[in-house]
Amino acid sequence: VVYEQEGVFIHSSCGKNDDQDNLISGILRVIEKDNEVVVDWRPLDDTLDTSNILCAGKDSSSVVEWTQTPKEKCSRGADRPSSYEAEWDMVTTVSFKKKPHSNGDTTTHANGESKWSFLFSLTDLKSIKQNKEGMGWSYLVFCLKDDVKLPALHFHHGDSKLLIKCLEKHVVLNESPQDKRILLVNSQNKSLSQSFENLFDEPSYGLLQKLKKDPYTVTMGRFSKVTNYIFDSFRLSDPVNQRRPPSEMADFLNDAIPGLKINQQEEPGFEVITRIDLGKQPEVSRREPVSAEEWAKNMDSEGRILDVDYIKRLIFKGGLCHTLRKEAWKFLLGYFPWNSTKEERANLQKQKTDEYFRMKLQWKSVSEEQEKRNSRLRDYRSLIEKDVNRTDRTNKFYEGEDNPGLILLHDILMTYCMYDFDLGYVQGMSDLLSPVLYVMENEVDAFWCFVSYMDQMHQNFEEQMQGMKTQLIQLSTLLRLLDSGFCSYLESQDSGYLYFCFRWLLIRFKREFSFQDILRLWEVMWTDLPCQNFHLLLCCAILESEKQQIMDKHYGFNEILKHINELSMKIDVEYILCKAEAISMQMMNCKELPQAVSEILGIESSSITPDSDTGEDESGAVLSSPTSLYQSLSTPVIAANGTSNGSEQMSETQSLAPA
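The residue count restarts for each chain, going from 1 along the sequence in the order it is written. pLDDT decides what is reported in this predicted model: residues at 70 or higher carry local features, side-chain atom pairs at 80 or more are listed and counted, and totals for whole chains, interfaces and linings draw on all residues regardless. Side-chain measures were taken over the full set of non-hydrogen atoms in the model, leaving aside hydrogen atoms and water.

The name an unreviewed UniProt entry gives the protein chain is TBC1 domain family member 15, with Crotophaga sulcirostris as the organism. UniProt positions are given in the numbering used here, feature names are shortened, and annotations may be inferred rather than shown by experiment. Listed under Function (unreviewed entry) in UniProt, the entry text for the protein chain is "Acts as a GTPase activating protein for RAB7A. Does not act on RAB4, RAB5 or RAB6." In its Subcellular location (unreviewed entry) section, UniProt records this for the protein chain: "Cytoplasm".

Here's what the structure looks like:
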């Protein structure tokens, strides 16, 4: 069963009065069976009794007045309310017992077929007619190729569009030129889409639907299930098992994630990034975490930070000692302005506390009855509860089922739905909140820090996934500059679209590092040093570290996915930070850096003509030299191997900070 929806009604028009419809509640399923896709509707109870049928007046579109059949009037009297909101009435006033249904059973019923039951194969479907927008309940009418029209299915709970999206995974639907409400069916081979969906080892509405509804589950749990069977499913069925062309894989990924353009070959109009000598990666060391004493020395008597750039450089090079995080993270995330005084911050916290609890009261005061009538709030709560229940329990702050930390996690996420109801809750957001709440140990501060973090991450969770598309394309551009040979190898294994990095980008490596390591990684990234999109360079650093094994062992599509997935909790955070910083310096020092890369990293072009010693271009404008981006820090450093050197000062090219 790849689609299932209750609350789908047939208005049977069998009432005694001409102005009444009998409403027969049923369940609609789309079933895959023996390489065939079947649409099946049947009543929830095949032995229908007229006492289970409510009659609706046909002359009402927004408010429905209910009347009972004669048997119901006798048995129930006047207990039934007389009118309800059309959108919500059936949720609260009609209940049917759901009969057991074996998965994939499309032919038999325990009590015999109801005269209203029907099923058909998608190969027999000719067209689908939809209702006009704004005209009562949404409904669909299926017309078969022999011109048989099936009874209209009325979706009292909404969601008819989900069915259309499900069907589009198996057939092509085009609007009729004569009537936009009619969708005409064209058969199309969907084997490539289905083979990719099998990668996740479960039936689905399709990759696009899964990414929109549950990016967390799709990217968190499925890559570990890859098997050789899946690897074979990507090959053509000819005798020599020739692979599908990379361009075909790229076309499919573009269909699955619209807007994800992967350039598989050199085409006119594209800036082809190849064979640029970046030079050797410099050696990079890291320092000890910023101490409470260093933090206090950089603050005046009123609590203002004296040198913001300097303190950011310290944090970038070494992170923070844990006792400082509760205060420093509020600045790094933008909850506290860097130039604010201690008194101003106290007033801000008071104001934000009032604002938070007003929003929290909004959802806390919603009754069960009201929540039943608000499908979005109900869905948000359901998703939040699922995510909270699978929070990483390795940290004592979240141990146990009724742990206060878990309760706060739930409450903050529900309140965020009130703050941004349009975005609401998308699975994966709890991963971003849990470290913040752990550090803040305060509901209000954690909420507003999370709001600031979501301002940065918002596009990752939008329905169109524009942020994810952009980052995957940018990552591909950076990796091609860094190692075009490795990129070519990935493309030869149908992996050039870098989809295996989706999880890294979606929740900023939360599932790749231990809880303590992610605290260090995030605070370094929040400094916005040494360039913008530093997290993409972290991806490059991880991939470059794994390149040798992937290429030496000739990993294919299947093995690459498994290998990347199994890196979780095995990556050395300090080593990767050093390597990513070295890559940034390598690119910033490149005198022929492509414009596309400069824009991704947010650095000015530093190309200097061979006979120019002044750093001026032809127009006389002074160009930024890469070495001018760094300033020295007279602080003890820790090398990537963990050794300490308190006497040496870092060279100018070992400390990155935009001037």
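Okay, back to it.
Is there a simple way to explain helix 11 (residues 322–332) in this structure?
Every α-helix carries 3.6 residues per turn, so stepping three or four residues along brings you back to the same face. In this scheme, a residue with accessible area under 20% of its type's maximum is buried, one over 50% is exposed, and one in between is partly exposed, where area comes from a 1.4 Å probe on protein chains only. Counting from the N terminus, the helices are DSSP H or I runs at least four residues long and the strands are E runs at least two residues long. Within helix 11, the full set of buried residues consists of Leu-324, Arg-325, Ala-328, Trp-329, Lys-330, Phe-331 and Leu-332. Close packing links the buried residues of helix 11 with helix 9 (292–297), helix 10 (308–318), helix 12 (342–364), helix 16 (429–440), helix 17 (443–457) and helix 21 (515–525). Looking one or two residues past helix 11, Gly-334 carries a phi angle of roughly 90°, positive in sign. Residues count as neighbours in contact if any of their non-hydrogen atoms are within 4.5 Å of one another.

What exactly am I supposed to notice about the confidence of the model for the protein chain here?
Where the model shows low pLDDT, its predicted coordinates should not be examined in detail. Per-chain confidence: the protein chain averages 74 in pLDDT, with 64% of residues scoring 70 or above. pLDDT is defined as a per-residue confidence score from the predictor, taking values between 0 and 100. Across the protein chain, the secondary-structure element scoring lowest on mean pLDDT is helix 2 (residues 89–93), at 29, and the one scoring highest is helix 10, at 98. Confidence drops under a pLDDT of 50 for residues 261–271, and excluding neighbours within four residues, the segment shows 16 contacts in the predicted structure. Per-residue pLDDT stays below 50 along residues 606–632; that stretch engages in 38 contacts with residues further than four places along the chain or on separate chains.

Could you clarify how one ought to interpret the pattern of salt bridges in this entry?
For side chains of opposite charge, pairing can occur when their charged atoms come near one another. The rule for a salt bridge is simple: a side-chain nitrogen of Lys or Arg has to be within 4 Å of a carboxyl oxygen of Asp or Glu. For the structure on display, the rule yields 27 salt bridges. Close ionic contact of Arg-181 with Asp-179 constitutes a salt bridge, the shortest N to O distance being 3.8 Å. Residues participating in the shared-partner salt-bridge network are Arg-286, Arg-325, Arg-520, Glu-523 and Glu-574.

Help me out: how do you make sense of the packing of helix 22 (residues 534–552) against helix 24 (residues 573–588) in this one?
Two quantities define a packed helix pair, namely the angle between the axes and the distance from one axis to the other. Orientation is described by axes fitted as lines to C-alpha atoms, over the contacting stretch for helices, and by angles from 0 to 180 degrees between their N-to-C directions. Closest axis-to-axis distance for the helix 22/helix 24 pair is 8 Å, and the angle between their directions is 110°. It follows from the interaxial angle that helix 22 and helix 24 lie roughly perpendicular. Of the residues in helix 24, those touching helix 22 at Phe-534, Leu-537, Leu-538, Cys-540, Ala-541, Ile-542, Glu-544 and Ser-545 are Tyr-575, Ile-576, Leu-577, Lys-579, Ala-580, Glu-581, Ile-583, Ser-584 and Met-587. Among the residues making up the contact of helix 22 with helix 24, the classes are represented as twelve nonpolar, two polar and three charged. Here the angle decides the label: under 35 degrees means roughly parallel, over 145 means roughly antiparallel, 65 to 115 means roughly perpendicular, and every other value means oblique. For this scheme, ten residues count as nonpolar: Ala, Val, Leu, Ile, Met, Phe, Trp, Tyr, Cys and Pro. Four count as charged, namely Asp, Glu, Lys and Arg, and the remainder, Gly too, count as polar.

Please explain the packing of helix 18 (residues 466–482) against helix 24 as it appears in this structure.
Running from N to C, helix 18 and helix 24 point in directions that differ by 75°, and their axes come no closer than 12 Å. Classified by the angle their axes make, helix 18 and helix 24 are roughly perpendicular. Judged by residue contacts, Leu-478, Leu-481 and Leu-482 of helix 18 engage Ile-583, Gln-586 and Met-587 from helix 24. Split into classes, the residues belonging to the contact of helix 18 with helix 24 amount to five nonpolar, one polar and no charged.

Whenever I open this one, helix 16 confuses me. Can you help?
Here helix 16 contains twelve residues, and its C-alpha end-to-end distance of 17 Å stays within 8% of the 16 Å for a straight helix at 1.5 Å per residue. Extensive coverage of helix 16 is indicated by the burial of twelve of its twelve residues. Here helix 16 has its buried residues at Met-429, Ser-430, Asp-431, Leu-432, Leu-433, Ser-434, Pro-435, Val-436, Leu-437, Tyr-438, Val-439 and Met-440. Where helix 16 terminates, the next one or two residues include Glu-441, which has phi positive at roughly 55°. For a helix, the expected span equals 1.5 Å multiplied by the residue count minus one.

What am I meant to see in the side chain of Glu-523 here?
Structurally, the position occupied by Glu-523 is in helix 21. Looking at Glu-523, its side chain comes within polar contact range of the side chain of Arg-325, at 2.8 Å. Excluding residues within four positions of it along the chain, Glu-523 makes contact with Ile-315, Gly-319, Leu-320, Arg-325, Trp-329 and Leu-332. Residues adjacent in sequence count toward polar contacts only when both atoms are side-chain atoms; beyond that, a polar contact is any pair of N or O atoms within 3.5 Å, and within protein one must be able to donate a hydrogen and the other to accept it.

Explanation requested: the packing of aromatic side chains in the structure shown.
Aromatic rings considered in pairs are described by the distance between their centres and by the relative angle of their planes. Centre distance within 6.5 Å is the pairing criterion for rings of Phe, Tyr and Trp, where only the six-membered ring of Trp is used; planes under 30 degrees apart are then read as stacked, over 60 as edge-to-face, and the remainder as tilted. Enumeration over the complete set of coordinates arrives at 24 aromatic pairs. Seen in terms of ring centroids, Phe-118 and Phe-120 are 6.4 Å apart; in terms of plane orientation they differ by 15°. Their pairing is stacked. Take Phe-120: its relative accessible area is 5%, and that puts it in the buried class. With 5.4 Å between their ring centres and 45° between their planes, Tyr-499 and Phe-502 make a pair best called tilted. Here the two residues Tyr-499 and Phe-502 agree in accessibility, since each one is buried. Ring pairing ties together the aromatic residues Tyr-356, Phe-357, Tyr-416, Tyr-419, Phe-447, Trp-448 and Phe-450, which thus form one cluster. Only when the NZ atom of a Lys or the CZ atom of an Arg is both within 6 Å of the ring centre and within 35 degrees of the ring normal do we say a charge sits over the ring. The residue whose ring lies beneath Lys-352 is Trp-448, and the NZ or CZ to ring-centre distance is 4.1 Å.

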